[in-house]
Amino acid sequence: MALFCNFSIFPKPFVPSCSSQKTQFSNQNTKQDSIFRIKGPAALSGHITISGSKNSSLALLAATLCCSGSSLLHNVPNISDIQAMASILSFLGAKVESFDGKMMVNSDGVDKVEVDSEEMKKIRGGFFVIGPLLARFGEVVVALPGGCDIGKRPVDLHLRGLRALGSVVELRDGKVWAHAANGKGLVGGRFRLDYPSVGATATLMMAASMADGITVLSNVAKEPEVVDIAHFLNHSGALIEGAGTGTLVIWGKSQLYGSECVIRPDRIEVGTFMIAAAITRSCISMSPAIPSSVSCLIDKLSEAGCKISQLDQHTLRVSAVPAYVGDDLRGFGIKTSPFPGFPTDLQPQIMALLTTCTGSSLVEESVFDNRMTHARELQKLGARIQVSKSSAIVFGKDEGSSLCGSPVIARDLRGGASLILAGLAAKGTTEIHKIEHIERGYEKIDTKLQILGADIERSTPLPVLV
């Protein structure tokens with residue numbers, strides 16, 4: 001079995017030959033009032049295993065709704081966002097089972113076209129189901145999505161694209177109501193995205209895979225997660241060409257069948273741990289990792305002075321040990337953009353790193369308009385950062401930043417990760433509250449850091465006496 005993108009077609013309902021006991025995903029013993037307590041500065045060393053991609057898993061779980069029979073996904077991360085998506089699929093009538101890091105979904109029992117609004121509020125990824133449900137049943141009702149509050153993330157591209165595939169779409173009472181205009185099903189069409197949105201690309205690709213005729217989507221997202229969805233659908237019987245380029249050509253099929261795939265390693269987790277090595281001036285290795293998926297970060301960390309080596313096909317080592325890399329790390333600028341540009345999901349973590357480098361650095365956020373809230377929390381730790389709308393000047397350790405432990409709040413997933421990294425580099429104890437945001441996207445991040453030697457623990461804060 002190949003490590004990634006291993007697919008098999010199962011025209012009949014697929015039944016795994018796994019004898020392991022089936023279990024529900026655990027909640028990692030996370031309580032909403034739990035905190036992470038980190039004592040720094042940390043010196044990390046060793047090797048950690050990277051979990052499967054959160055973003056790929058969410059989209060592929062939705063894509064199983066396109067398929068009859070069962071689909072088996074390997075290397076699914078045990079995180080709260082995945083639990084929420086599994087709950088959405090179960091609500092719709094799918095049979096979802098998890099065992100040994102795998103999830104099997106049988107969608108034959110799906111008998112609803114309206115998703116529970118409360119479930120949809122939990123994760124933005126739940127909105128992915130709109131394409132498969134509309135393509136399969138000719139109608140769907142889905143509440144507008146939830147997720148992190150990191151700025152405007154409109155779904156107008158999704159809706160306009162669905163209209164181009166022959167659907168009537170309305171917004172009423174905070175919900176999207178859509179049905180096939182011909183009363184039967186979606187039809188092929190042409191649509192150009194104004195912006196290469198991953199969510200819109202995935203939604204329209206899934207919908208078009210079962211539409212009648214040929215669909216051409218242009219200016220689409222090129223992210224690796226989009227390629228994963230195309231591979232899964234193709235191995236389920238679809239015909240999609242151009243994944244990873246700016247244009248997708250999709251020949252719709254009347255029926256797709258369950259298949260099996262291995263979720264790629266989470267490139268954002270890879271990046272987060274690469275930055276962890278840099279911010280603690282340590283040397284660690286990680287696998288599985290796909291270097292091409294984090295090439296932008298490799299370039300930036302190399303520019304700063306880190307030494308990055310590929311030990312084998314899927315193992316990366318990052319060193320920022322002063323005795324090995326020479327002078328201290330230097331600041332650098334970034335501007336987020338769609339793949340293959342610098343990922344917005346690593347912007348907060350990079351900002352934390354830059355407070356420990358020399359010189360001043362410019363961070364520009366071009367994807368989300370409210371993704372600077374972590375700057376205020378980093379300032380509580382002693383970072384000197386000047387924010388102006390979606391840009392920030394980060395002053396390094398020789399220009400006023402001096403990280404020191406303090407209570408902070410994780411206000412979103414990636415912002416929370418930046419606080420963990422800053423806590424690893426800070427002197428003293430850092431307490432991070434609202435860690436449920438962090439655990440939406442990182443599987444056992446505290447345990448992995450402990451393996452590397454970090455002094456991090458999960459605990460319940462003492463009550464405040466008034």
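Only a predicted model underlies this, so the values are computations on that prediction, with no experimental measurement involved.

**A word on the sheet that holds strand 19 (residues 315-319)**
Within the open sheet, the 4 strands sit side by side as 3-17-19-18. Their pairing is mixed. Edge positions in the sheet fall to strand 3 (45-49) and strand 18 (307-312), since each of these pairs with one other strand and no more. Taking each pair of neighbouring strands and ignoring which way they run, the sheet shows an average axis angle of 20°. Here helix 8 (residues 267-279) sits on the sheet in contact with strand 3, strand 17 (283-287), strand 18 and strand 19, set at roughly 170° to strand 17.

**A word on the packing of helix 4 (residues 130-137) against helix 6 (residues 198-208)**
Contact geometry of helix 4 with helix 6 gives a least axis separation of 7 Å together with a crossing angle of 20°. Relative to helix 6, the element helix 4 is oriented roughly parallel. As helix 4 packs across helix 6, the resulting crossing turns out to be right-handed. Across from Ile130, Gly131, Pro132 and Ala135 in helix 4, the residues of helix 6 making contact are Thr203, Met206 and Ala207. Each residue belonging to the contact of helix 4 with helix 6 can be placed in one class, and the counts come to 5 nonpolar, 2 polar and no charged.

**A look at the packing of aromatic side chains**
Tallied over the full model, the rule gives 0 aromatic pairs. Taking NZ or CZ as reference, Lys112 lies 5.3 Å from the ring centre of Phe91, over its face. The side chain of Arg384 reaches across the aromatic face of Phe395, ending 3.8 Å from its centre.

**Points about the side chain of Thr215**
Inspection of the secondary structure puts Thr215 in strand 12 (residues 214-218). A polar side-chain atom of Thr215 sits 3.4 Å from the main-chain amide nitrogen of Gly189. Once you skip the residues sitting within four places of it in the chain, Thr215 turns out to touch Leu165, Gly188, Gly189, Ala208, Leu248, Val249 and Ile250.

**Description of the nonpolar core**
Counting residues in each nonpolar core, the largest one holds 72 residues, and the members touching the most others are Val129, Met205, Met206 and Leu233. When neighbours within four sequence positions are excluded, Leu233 is seen to be in contact with Ala63, Cys66, Met205, Met206, Ser209, Ala238, Ile240 and Leu256. In terms of nonpolar packing, the next biggest core, distinct from the first, is built from 68 residues, Phe273, Ala304, Leu353 and Leu419 among them.

**Some thoughts on the environment of Ser292**
By the secondary structure assignment, Ser292 is in the loop between strand 17 and helix 9 (295-304). Counting along the chain gives 25 residues from Ser292 to Arg267, while the straight-line C-alpha distance between them is 9.6 Å.

**What to know about the pattern of salt bridges**
Applying the stated rule across the entire model yields 20 salt bridges. Its salt-bridge partner being Lys175, residue Glu114 comes within 2.8 Å of it at the nearest N-O pair. Of this pair, Glu114 sits in the loop between strand 7 (102-106) and helix 3 (117-120) while Lys175 sits in strand 10 (residues 175-180), placing them 61 residues apart in sequence. Glu114 sits in the partly exposed class, given a relative accessible area of 32%.

Rules and cut-offs
Residues numbered from 1 in each chain as written. Predicted model: local features only at pLDDT ≥ 70, side-chain atom pairs only at ≥ 80, totals over all residues. Heavy atoms only, no water. Pairing = 2+ DSSP bridges. Helix = DSSP H or I, 4+ residues; strand = E, 2+ residues; numbered from the N terminus. Axes fitted to C-alpha atoms, helices over the stretch in contact; angles between N-to-C directions. Contact = heavy atoms within 4.5 Å. Parallel < 35°, antiparallel > 145°, perpendicular 65-115°, else oblique. Left-handed = near helix turned anticlockwise from the far one by under 90°. Nonpolar A, V, L, I, M, F, W, Y, C, P; charged D, E, K, R; others polar. Phe/Tyr/Trp six-rings, centres within 6.5 Å; stacked < 30°, edge-to-face > 60°. Lys NZ or Arg CZ within 6 Å of the ring centre and 35° of its normal. Polar contact = N/O pair within 3.5 Å; in protein donor to acceptor, adjacent residues only side chain to side chain. Core = buried A, V, L, I, M, F, W, Y, C linked by side-chain atoms within 4.5 Å. Buried < 20%, exposed > 50% of the residue type's maximum accessible area, 1.4 Å probe, protein only. Salt bridge = Lys/Arg side-chain N within 4 Å of Asp/Glu carboxyl O.

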